[in-house]
Amino acid sequence: LEEPIIFDEINLTILEWWNIYDIDEYLNKKELIETGEYIAYVNNIDKILKLKEFFPFLDKQETLEWYLYPDTYKVVKTPFKINNFVIKQLEWFENKVYNTILKELSNKEILDLINLASIVEKEEKNPEEKSSVAGILKKRLDSEWMIWADITVCYPHELTSQQCKMVVSKYINEKSEYNTRTMKWLPKTPIWSPSFDTINATLNYKETAYWFYLHDTTNWKIYYAKDNAWHEKNKNLYIK
């Protein structure tokens, strides 16, 4: 009683565009888990069923991935407990996102919103442009166009974001439920858990006259286009 217990605490920063394979790799490099432990936990159906009792946004998911909120967490390193960390991620999603802007939506509407937001998260880095990009993707969906977002193609192959960068061209023409270049509609599931700002921008998307966009590969500035001819001209000007 005279000597205080000192916990070995560290900060863990989970980035917005990380999937569960990124997080697993990160925790392993921090020497907190063995490879695959985090992935196995968040995909454990028995654990998901138990957590559904406490988190109303969980429905028929086979993974917790899309609700593992990206942020910086203070955790006890020794012993590190995956269940405590995952519950904290779900609680932060509930408090920061669900209770704030999603509570009036159905679970199906929430999942579709997060699905689109997970694409917007990687498609646009500038917070001021996210709602416009979300609006363009939403317009394509509503018009039964393909989304054409390359970042979705790697997800079924269980790759980290870095691994995907190296092989994305390998899967670009693959027929799959995640390839938005070869299928209409949203991917089968979201591809990671997006941030509050991106979810909010997607929920409150901006309607514009544009159908296309691309980024200058030297400075990431976005250029919009109303038709394909304009888009092709932008490609010649800004893609190096």
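These lines cover the structure that appears in this document, whether it is placed above or below. All residue numbers here refer to positions counted from 1 along the written sequence of the relevant chain. The predicted origin of the model limits local features to residues at a pLDDT of at least 70 and limits the giving and counting of side-chain atom pairs to 80 or more, whereas totals for whole chains, interfaces and linings rest on all residues. Calculation of side-chain values draws on the structure's entire complement of heavy atoms; hydrogens and water are dropped beforehand.

**Comments concerning helix α1 (residues 20-29)**
Moving on, step 1. Burial within α1 is extensive, with seven of its ten residues counted as buried.
Moving on, step 2. Within α1, the full set of buried residues consists of I20, Y21, D22, I23, D24, Y26 and L27.
Moving on, step 3. Note on contacts: a residue pair qualifies if any of its non-hydrogen atoms lie within 4.5 Å across the two residues. Helical segments are the DSSP runs of H or I of at least four residues, strand segments are the runs of E of at least two, and each set is numbered from the N terminus. Buried-residue contacts for α1 involve β1 (9-13), α2 (37-42), α4 (82-102) and α7 (161-171).
Moving on, step 4. Counted as a polar contact is a pair of N or O atoms within 3.5 Å, where, for protein atoms, one must be capable of donating a hydrogen and the other of accepting one, and residues adjacent in sequence contribute only when both atoms are in side chains. Its side-chain oxygen placed 2.8 Å from the backbone nitrogen of Y21, N19 serves as the N-cap of α1.
Moving on, step 5. With its phi angle positive at about 60 degrees, E31 sits one or two positions after the end of α1. Three exposure classes are used, based on accessible area relative to the maximum for each residue type with a 1.4 Å probe and protein chains only: buried under 20%, partly exposed in between, and exposed over 50%.

**A closer look at the state of the cysteines**
Moving on, step 1. Throughout, a disulfide means two cysteine sulfur atoms within 2.5 Å of one another. Tallying each qualifying case throughout the model produces one disulfide.
Moving on, step 2. A disulfide bridge connects C154 with C164, and the sulfur atoms are separated by 2.2 Å. Disulfide C154-C164: the torsion about the S-S bond is 80 degrees, which places it as right-handed. Here C154 is found in the loop between α6 (130-142) and α7, whereas its partner C164 is found in helix α7, with ten residues between them in sequence. Exposure class is identical for C154 and C164. Each is buried.

**A closer look at the nonpolar core**
Moving on, step 1. Among buried residues, those of type Ala, Val, Leu, Ile, Met, Phe, Trp, Tyr and Cys that are joined through side-chain atoms within 4.5 Å constitute a nonpolar core. Judged by nonpolar contacts, the single largest core of 44 residues is most densely connected at L27, Y38 and F93.
Moving on, step 2. Looking at this core element by element, the count peaks at eight residues for α4.
Moving on, step 3. When neighbours within four sequence positions are excluded, F93 is seen to be in contact with F57, W66, Y67, Y69, Y98, L102, I114 and I199.

**A word on the side chain of H215**
Moving on, step 1. Its location among the elements puts H215 in strand β3 (residues 212-215).
Moving on, step 2. Among the residues examined, H215 registers a relative accessible area of 11% and is labelled buried.
Moving on, step 3. At 2.6 Å, the side chain of H215 and the side chain of E124 are in polar contact.
Moving on, step 4. Those residues within four positions of H215 in sequence are excluded, and the remaining contacts are E123, E124, W220, K221, I222, Y238 and I239.

**Observations concerning the packing of aromatic side chains**
Moving on, step 1. In this analysis, rings of Phe, Tyr and Trp, with Trp reduced to its six-membered ring, are considered paired at centre separations within 6.5 Å, and the interplanar angle assigns stacked below 30 degrees, edge-to-face beyond 60, and tilted for intermediate values. Counting across every chain of the model gives 19 aromatic pairs.
Moving on, step 2. For the pair F57 and Y67, a centre-to-centre distance of 5.1 Å together with 40 degrees between the ring planes defines the contact as tilted. Taken together, the positions of F57 in the loop between α3 (45-51) and β2 (72-76) and Y67 in the loop between α3 and β2 put the pair ten residues apart, joining distant regions of the chain. Across the pair, exposure class does not vary: F57 and Y67 are buried alike.
Moving on, step 3. Seen from their ring centres, Y73 and W92 are 4.3 Å apart, and the 35 degrees between their planes marks the pair as tilted. One end of the pair, Y73, is in strand β2; the other, W92, is in helix α4, and 19 residues separate them in sequence.
Moving on, step 4. Through pairs of rings, three or more aromatic residues link up here, namely F55, F57, W66, Y67, F93 and Y98.
Moving on, step 5. Should the NZ of a Lys or the CZ of an Arg lie within 6 Å of a ring centre and within 35 degrees of the ring normal, that charge is described as sitting over the ring. Taking the ring centre of W220 as reference, the NZ or CZ of K125 above it sits at 4.5 Å.

**Details of the pattern of salt bridges**
Moving on, step 1. Criterion for a salt bridge: a side-chain nitrogen of Lys or Arg within 4 Å of a carboxyl oxygen of Asp or Glu. For the structure on display, the rule yields seven salt bridges.
Moving on, step 2. Residues K96 and D71 are paired through a salt bridge, measuring 2.5 Å at the closest nitrogen-oxygen approach. Taken together, the residues K96 in helix α4 and D71 in the loop between α3 and β2 connect sequence positions 25 residues apart.
Moving on, step 3. The partner of K235 in a salt bridge is E232, and the shortest N-O contact between them spans 3.2 Å. Residue K235 and its partner E232 are located together in helix α9 (residues 228-238), separated by three residues, close to a single helical turn.
Moving on, step 4. Residue classification places K235 among the partly exposed positions, given a relative accessible area of 32%.
Moving on, step 5. Relative accessible area serves as the criterion here: at 32%, E232 is assigned to the partly exposed category.

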